[in-house]
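Spelled out from the first residue to the last, the chains are:
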Amino acid sequence: MSPPKPLHAAATLRSVGDLIAHGLAAERDRDDLERVAARYAVAVTPAVAALIDADDPRDPIARQYLPSRDELVSTPGERADPIGDDAHAPVRGIVHRYPDRVLLKLVHVCAVYCRFCFRREMVGPGKETALSPEAYGEALAYIRARSQIWEVILTGGDPLVLAPRRLAEVIADLAAIDHVRIIRLHTRVPVADPARVTADLVEALRTRGAAVWVALHANHPRELSAEARAACARLVDAGIPMVSQSVLLRGVNDDAATLEALMRGFVECRIKPYYLHHGDLAPGTAHLRTPLEAGQALMRALRGRVSGLCQPDYVLDIPGGLGKVPVGPGYLSREQGTSAPRYRVVDYCGDVHAYPPDQAD
């Protein structure tokens with residue numbers, strides 16, 4: 001018997017029962033999916049549900065947002081805090097890993113919950129939903145007291161789930177700190193709930209005291225729907241620059257053609273590709289992670305397919321809070337045994353050349 005056709009979702013789907021009722025999960029999988037949902041939050045907005053092809057068992061949108069029994073499998077090395085936020089949290093809400101910037105985690109809820117999220121043990125219903133006024137004051141005091149903090153990155157959770165009025169208050173508080181020159185917000189909202197990017201929300205992000213940037217998280221070109229593109233245009237047209245971040249995911253974007261379309265889509269939206277993250281060691285995500293060598297091969301393929309505008313940095317967050325490092329392919333190696341420096345350079349076709357070039361006979 002064929003599964004029912006997906007029904008239009010009028011509201012965010014937040015339970016396994018909701019997913020089954022809308023044709024996005026099978027009744028036979030209910031018990032396993034309920035076990036997943038008991039540990040990791042589920043939320044699929046109408047905008048995301050409309051992108052899912054329920055007739056395709058390998059649909060790359062479904063793979064990102066719909067729970068899977070594979071999440072019940074943990075593998076060695078996975079950890080609840082894979083990038084070590086807690087090791088660099090001097091006060092509630094602050095992560096201070098690098099000298100000149102901090103994360104400010106305002107909320108612990110999102111419009112949608114990604115199945116590969118590295119903070120999946122920390123976000124969602126039942127977790128601390130937002131910083132208390134006291135904790136928020138302590139976080140601001142921490143930032144004010146450290147003049148080396150040039151950039152504050154609002155994350156969580158997704159900061160754009162906050163009401164425009166609250167966002168405006170936070171932006172104003174940060175912009176009033178003389179040494180904070182950059183405020184960056186990391187979000188899924190323009191993709192997951194584009195109608196939320198209203199004129200009021202855009203206005204809330206504008207300030208004279210600091211430069212505000214928005215980093216959009218998307219992993220597949222289909223996520224850049226007409227509605228998502230329009231939401232991003234509202235931000236960019238208001239003078240708010242945007243960058244992208246994506247995660248390399250098996251079965252979602254681990255082929256050169258998909259990455260090419262995604263990065264070109266970003267640039268068409270006036271969004272500069274920024275990071276392509278290697279999948280973190282979050283519990284229950286092994287089925288979505290790729291080998292590092294596969295990521296390097298994809299980056300080498302991307303180099304020959306698209307312009308420099310479309311090139312993200314392929315990065316790995318070293319477990320334990322040791323920071324991000326670029327892990328893309330190398331193109332230069334030094335030859336040994338030569339008196340003057342000589343190198344071997346690999347071009348985008350994979351051909352190897354000497355540098356400086358050999359002298360003609």
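Use the structure listed above.
The following paragraphs examine the structure supplied in this document.

Analysis parameters
Residues numbered from 1 in each chain as written. Predicted model: local features only at pLDDT ≥ 70, side-chain atom pairs only at ≥ 80, totals over all residues. Heavy atoms only, no water. 1 Å grid on protein atoms, 1.4 Å probe; cavity = no way out; pocket = protein on both sides within 12 Å on 5 of 7 lines; lining within 4 Å. Points joined across faces, edges and corners; volume = space filled by probe spheres on them. Nonpolar A, V, L, I, M, F, W, Y, C, P; charged D, E, K, R; others polar. Buried < 20%, exposed > 50% of the residue type's maximum accessible area, 1.4 Å probe, protein only. Helix = DSSP H or I, 4+ residues; strand = E, 2+ residues; numbered from the N terminus. Pairing = 2+ DSSP bridges. Axes fitted to C-alpha atoms, helices over the stretch in contact; angles between N-to-C directions. Contact = heavy atoms within 4.5 Å.

### Some words on empty space enclosed by the protein
Counted by the stated rule, this structure contains one cavity of 30 Å³ or more. Counted as a void, the largest cavity has a volume near 60 Å³. If you go around the largest cavity, the residues you meet are Tyr40, Ala41, Tyr113, Cys114, Arg115, Cys117, Arg120 and Val123. Residues belonging to the lining of the largest cavity are distributed by class as follows: six nonpolar, no polar and two charged.

### Focus on the pairing of strand β2 (residues 101–105)
With four of five residues buried, β2 is to be regarded as a mostly interior element. With three bridges joining them, strand β1 (residues 94–98) and β2 adopt antiparallel strand pairing. Paired with Ile94 across the strands is Leu104, a residue of β2. By the bridge criterion, five bridges tie β2 to strand β3 (residues 151–155) in an arrangement that is parallel. Of the residues in β3, the one forming a bridge with Leu104 is Leu154.

### Focus: the sheet that holds strand β5 (residues 211–217)
Taken together, nine strands build an open sheet; the order of strands is β1-β2-β3-β4-β5-β6-β7-β8-β9 and the sheet is mixed. Sheet topology places β1 and β9 (323–326) at the edges, where each strand pairs with a single neighbour. Taking each pair of neighbouring strands and ignoring which way they run, the sheet shows an average axis angle of 30 degrees. With four bridges connecting them, strand β8 (residues 313–318) and β9 associate as antiparallel partners. From the neighbouring strand, Val315 faces β9, where its bridge partner is Pro326. Against the sheet, helix α6 (residues 164–175) contacts β2, β3, β4 (182–187) and β5, and its axis sits at roughly 150 degrees relative to β4. Along the sheet, helix α9 (residues 226–237) makes contact with β5, β6 (242–247) and β7 (271–277), crossing β6 at roughly 140 degrees.

### Let's talk about the environment of Arg92
Here Arg92 lies in the loop between α4 (60–65) and β1. With 39 residues separating them along the chain, Arg92 and Leu131 place their C-alpha atoms 7.8 Å apart. Apart from residues no more than four positions distant in its own chain, Arg92 is found in contact with Leu131, Ser132, Glu134, Ala135, Glu138 and Ala139.

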